[in-house]
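Observations on chain architecture
The residues making up each chain are set out below.
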Amino acid sequence: MASRVILCLNSGSSSLKFALYRMGDKEELLLAQGAAELNDAQITRLWIRSAHEKVEKTGSEISSASTPLYALAFELKRLRLPHPDAVGHRIVHGGPHHSAPERITDTLFDELGSLISFAPLHLPDEIAGIEAVSSNFPSLPQVACFDTAFHRSMPEFAQRFALPLALRDEGIRRYGFHGISYEYIVRTLGANLPSRLIIAHLGNGASMAAVKDGSPLDTTMGFTPAGGFMMGTRSGDLDPGIILYLLTEKHLKVSELAELVNHQSGLLGVSGFSDMKMLLERRDTAPDAALAVQMFCYQIRKQIGAFTAALGGLDLLVFTGGIGEKAAAVRWETCNGLEHLGIKLERERNDANADTISTDKTGCIVRVIPTNEDLMIARHTYELVFSER
């Protein structure tokens, strides 16, 4: 089968991120990647990196094209990069009925609109990205890759909240997120996939997944990406009574509550900073920075213990995501005290961000595996649109 060019899009209110791949039966070649950074829907910075050139433009240097997508297409053409044959989108929420990547049809597009209340911070921008492709390049086939899809086969006892059945039937359940990343790690492990696996995707948004015999067993995020352990600006799980208190006693509006738990909490709420690199640099002199790092690592460590119990033991722990791949101090502090689970890191390997960071004589292997959600989207798009069946 002939190779095809796949454009992968991750649409958000503050940026339109992209990657361009040439895909074939035996080919997975990254041609370019970059982003259009936005402020009030206006492009403030556009950058593209290809194998031969790096482009960065700001302000008046950017094409006067009316949309970020058109500006991106203009620059790709100027760089003589090939026009895409299909577009794959990261879609954060698939609701209760979408458990695999799908070709985008009018029916699916309309259904995504009905799911906005499930992910109001993400879906509107992602739907706008689909609409922009349809308007500017109507002949291009498009594929939706759902971040919730990986977790949809979790057992009912892991998906179900302790709420009345009628609410479950309306779609209130544990969905989990970062599924495209988890799927990439599972595929990358391939023949080395163990029976009992924990994957910690740690970035500004962070979560963890337990995988048993290749199938998802449990995950930390719940109905929305705000759940689980604390993150850069998100609170993670809260006592429901806190929400009730803030609504009834502090008289917060729903919009103010959403802003609080999604954008003012987590590492930022504790320390005033959301960037882990900055917190690690400041923690020796700033008590609040030290506390934020301590809380983050403690909550992850506690969750590793819980998932190990659910799995009946642990064979492999994988760190991925920006913090998971680069913050050696976070990995060290997280794993310190888990020797009873067979987890013991080798300091030099950990400091070097090596592939395997555990000691040779340990009951559980600990690895650092860079994730690649764009490649996973490109694979799904290629398989769905061009696979010969």
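The notes below deal with the structure included here.

Criteria and cut-off values
Residues numbered from 1 in each chain as written. Predicted model: local features only at pLDDT ≥ 70, side-chain atom pairs only at ≥ 80, totals over all residues. Heavy atoms only, no water. Pairing = 2+ DSSP bridges. Helix = DSSP H or I, 4+ residues; strand = E, 2+ residues; numbered from the N terminus. Contact = heavy atoms within 4.5 Å. Axes fitted to C-alpha atoms, helices over the stretch in contact; angles between N-to-C directions. Buried < 20%, exposed > 50% of the residue type's maximum accessible area, 1.4 Å probe, protein only. Phe/Tyr/Trp six-rings, centres within 6.5 Å; stacked < 30°, edge-to-face > 60°. Core = buried A, V, L, I, M, F, W, Y, C linked by side-chain atoms within 4.5 Å.

**Quick notes on the sheet that holds strand E4 (residues 42-50)**
Strand order in the open sheet formed by 8 strands is E5-E4-E3-E2-E1-E6-E8-E7, and the pairing between neighbours is mixed. Across the chains shown, the open sheet's two edge strands, defined by having one partner strand only, are strand E5 (54-58) and strand E7 (102-103). Pairing analysis gives 5 bridges linking E4 to E5, with the strands arranged antiparallel. Residue pairing across strands places Ile48 opposite Val55, the latter belonging to E5. Most of the contacts of helix H2 (residues 106-114) go to strand E8 (residues 142-146), to which it runs at about 40°, and overall it touches strand E6 (86-91), E7 and E8.

**Regarding the environment of Lys277**
Tracing the backbone shows Lys277 in helix H10 (residues 276-282). Overall, the relative accessible area of 61% leaves Lys277 in the exposed class. Along the primary structure Lys277 and Arg80 are separated by 197 residues, whereas in three dimensions their C-alpha atoms are 37 Å apart.

**Structural notes on the packing of aromatic side chains**
Evaluated as defined, the whole model comprises 7 aromatic pairs. Residues Phe118 and Phe223 carry aromatic rings whose centres are separated by 5.3 Å and whose planes lie at 50° to one another, so their mutual orientation is tilted. Of the two residues, Phe118 is situated in the loop between H2 and helix H3 (123-136) and Phe223 in the loop between strand E11 (215-219) and helix H7 (240-248); the sequence distance between them amounts to 105 residues. Residue classification places Phe223 among the partly exposed positions, given a relative accessible area of 24%. Among the aromatic residues, those joined into a cluster by ring pairs are Phe118, Tyr175 and Phe223.

**A closer look at the nonpolar core**
With 53 residues, the main nonpolar core has Leu202, Phe296, Ile304, Leu317 and Ile343 as its most contacted residues. What Ile304 contacts, discounting residues up to four positions off in sequence, is Ile198, Met208, Leu314, Leu317, Thr334, Leu338, Leu341 and Ile343. If you look at the next biggest cluster of nonpolar residues, it comprises 29 residues, including Cys8, Met23, Ile199 and Val318.

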